[in-house]
Amino acid sequence: MAKWTAQHEAPEPLEGPVVGTIVGGTVIWFVIFLGQAAFYGWFADRDLVWWYWTPLAGAGLGLIGIWYVRGRDAALKRFAAEKAEREAAGSA
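Before going into details, it helps to say that this report is about the structure given with it.

### Here we look at the pattern of salt bridges
Using the criterion set out here, one finds two salt bridges in the structure. With a shortest N-O distance of 3.0 Å, R72 and E15 are connected by a salt bridge. Separated by 57 residues along the polypeptide, R72 in helix α3 (residues 49–91) and E15 in the segment before α1 (18–35) bring together distant segments of the chain.

Listed below in structure tokens is the structure:
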């Protein structure tokens, strides 16, 4: 059996509004958590209380995600600025 080798170069990764996407998702998780508060008794009666707490876990993980992508975004901007500075110094 022959080993598979790629015939094309991998495409560049898509960059978009990553911070806004993560913030939006985190807000949605938190809104779902708050919206389910009125149904806590219903969840408790059916042994489904974990359904109530799952969106809070999603919002908490989203907060970690916001911290991570903001740091990543800052590092990418810092790298681009340093690269532009080196290119400007090299051409002068």
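Don't stop here, the text continues.
### A look at the environment of A81
Tracing the sequence through the fold places A81 in helix α3. The spacing of A81 and R70 is eleven residues in sequence and 16 Å in space, taken between C-alpha atoms.

### Details of α3
Taking 1.5 Å of rise per residue, the 43 residues of α3 would be expected to cover 63 Å, and the 64 Å separating its terminal C-alpha atoms lies within 8% of that figure. Along α3, the positions that sit buried rather than exposed are Y52, P55, G58, A59, G62, G65, I66 and V69. For α3, the elements touching its buried residues are α1 and α2 (40–45).

### Here we look at the packing of aromatic side chains
If you walk through the whole model with that rule in mind, you get eight aromatic pairs. Each ring, one from F33 and one from Y52, has its centre 4.9 Å from the other, and the planes form 40°; the classification is tilted. Note that F33 is positioned in helix α1 and Y52 in helix α3, a separation of 19 residues in sequence. Classification of F33 as buried rests on a relative accessible area of 10%. Considering the side-chain rings of W50 and W51, the 5.8 Å spacing of their centres and the 75° angle between planes classify their relative orientation as edge-to-face. Given a relative accessible area of 54%, W50 falls into the exposed group. Judged by relative accessible area, which is 42%, W51 ranks as partly exposed. Pairwise contacts between aromatic rings join F30, F33, Y40, Y52 and W53 into one cluster.

The rules behind each value
- Residues numbered from 1 in each chain as written.
- Predicted model: local features only at pLDDT ≥ 70, side-chain atom pairs only at ≥ 80, totals over all residues.
- Heavy atoms only, no water.
- Salt bridge = Lys/Arg side-chain N within 4 Å of Asp/Glu carboxyl O.
- Helix = DSSP H or I, 4+ residues; strand = E, 2+ residues; numbered from the N terminus.
- Expected span 1.5 Å × (residues − 1).
- Buried < 20%, exposed > 50% of the residue type's maximum accessible area, 1.4 Å probe, protein only.
- Contact = heavy atoms within 4.5 Å.
- Phe/Tyr/Trp six-rings, centres within 6.5 Å; stacked < 30°, edge-to-face > 60°.

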